[in-house]
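Coordinate analysis (summary)
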Amino acid sequence: VTLKDSKIGGTITIPGSTGTMALTSDISSGGITIIDEWLMTANTTEANPIINNLSRSTIAGFTQLGSGMTVSSGIWTFPETGHYFVGYSGYYQHQANSNVVNMRILATTDNGSSYSTIKINSNRGGSGSWGSESLFATVDVTDTSLVKVKFDFDVGGTTPAATLYGSSTSGVTKFTFMKLADT
């Protein structure tokens, strides 16, 4: 006898003979199993990668789901293989005229020997002008020891050319990770 679950497409097979029966199932719960969010807790003027003042979010309403990300020297390691949504949002102020602010998500598939920019947003502004950027990408993490990401805040012009704002009580600059599916 075969029982089918049309909602998720799984089956349970029951043998037609007598004796001891062992049930096995290919039905899984599915859905998002990992959600993690981190904050940059203090301001920075330039960071390639962002390495300082990083802390898991404690903002009301956020609850970590499943295993969490780890970060060391600005290099982020995924807790398990899978397809991940990666988000980076930040709020900044230009300190000099005509400087360019670049916010980047970079990924490596060889444990950091080389990185590729997988998403970049750039903005040119005048002294004192404000900006905010949100970057989103997906990363196929086939091996947690090899596939990693980092986040940059790069500015041109005079120093300091721009300030990226951080806070431990609001998400002015934050990093979001969600495992969407198995790889």
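Summarised in this report is the structure supplied together with it.

Rules used in this analysis
Residues numbered from 1 in each chain as written. Predicted model: local features only at pLDDT ≥ 70, side-chain atom pairs only at ≥ 80, totals over all residues. Heavy atoms only, no water. Helix = DSSP H or I, 4+ residues; strand = E, 2+ residues; numbered from the N terminus. Buried < 20%, exposed > 50% of the residue type's maximum accessible area, 1.4 Å probe, protein only. Contact = heavy atoms within 4.5 Å. Areas by Shrake-Rupley, 256 points an atom, 1.4 Å probe, with all protein chains shown as cover. Core = buried A, V, L, I, M, F, W, Y, C linked by side-chain atoms within 4.5 Å. Salt bridge = Lys/Arg side-chain N within 4 Å of Asp/Glu carboxyl O. Patch = residues over 30% accessible without salt bridge, like charges linked within 9 Å, V, L, I, M, F, W, Y side chains within 5 Å. Pairing = 2+ DSSP bridges. Axes fitted to C-alpha atoms, helices over the stretch in contact; angles between N-to-C directions.

With that settled, the discussion passes to the overall build of the chain. The helix and strand inventory of the chain stands at zero helices and 13 strands. Starting at the N terminus and walking to the C terminus, you meet the elements of the chain as β-β-β-β-β-β-β-β-β-β-β-β-β. Every one of the 183 residues in the chain was classed for burial, and the buried ones make up 37%. For the chain, contacts bridging at least 24 residues in sequence account for 70% of all contacts bridging at least 6. Carbon and sulfur atoms make up 49% of the accessible area of the chain, which totals about 9600 Å².

Ile50, Tyr88, Phe151, Phe153, Phe175 and Phe177 are the most contacted members of the largest nonpolar core, which totals 31 residues. If you list the elements that add at least two residues to this core, you get β3 (34-40), β7 (82-94), β8 (99-108), β10 (130-141), β11 (148-155), β12 (162-164) and β13 (174-181). Among residues more than four places away in sequence, those in contact with Phe175 are Asp36, Glu37, Trp38, Leu39, Met40, Ile50, Leu54, Trp76, Gly87, Tyr88 and Phe151.

Side chains carrying opposite charge are able to pair once their charged atoms draw close together. In the structure shown here, the tally under the stated rule is five salt bridges. Residue Asp36 is joined to Arg56 by a salt bridge in which the shortest nitrogen-to-oxygen separation is 2.8 Å. Pair noted here: Asp36 is in strand β3 and Arg56 is in strand β4 (residues 54-56), with a separation of 20 residues, a long-range link. Since its relative accessible area comes to 0%, Asp36 is described here as buried. A salt bridge links Lys174 to Glu37; its shortest N-O distance comes to 3.4 Å. Residue Lys174 is located in strand β13, and its partner Glu37 is located in strand β3; the two are separated by 137 residues in the primary sequence. When its relative accessible area of 26% is taken as the criterion, Lys174 is described as partly exposed. Exposure remark for Glu37: the relative accessible area of 12% places this residue in the buried category. A cluster of three or more residues bridged by salt bridges with shared partners is formed by Glu80, Lys179 and Asp182.

A grouping of Ile32, Leu65 and Leu180 is seen on the molecular surface, where their side chains present a nonpolar patch of about 230 Å² in accessible area. The topology assignment puts Leu180 in strand β13. By relative accessible area, Leu180 is classed as partly exposed at 39%.

Time to look at the sheet that holds β8. Strand order in this open sheet of five strands is β5-β6-β11-β8-β9, and the pairing throughout is antiparallel. Of all strands in the sheet, those with a lone pairing partner are β5 (70-72) and β9 (116-125), marking the two edges. Strand-to-strand twist of the sheet, defined as the mean angle between neighbouring strand axes without regard to direction, takes the value 20°. In terms of strand pairing, β8 meets β11 through eight bridges, oriented antiparallel.

Within a regular strand, side chains alternate between the sheet's two faces. Where burial is concerned, most of β7 is hidden: 11 out of the 13 residues are buried. Both β7 and β10 contribute to a ladder of 12 bridges, which runs antiparallel. Bridging from a neighbouring strand, Val86 pairs with Ala137 of β10. Pairing between β7 and β13: seven bridges, direction antiparallel. Within the sheet, the bridge partner assigned to Tyr88 lies in β13 and is Phe175.

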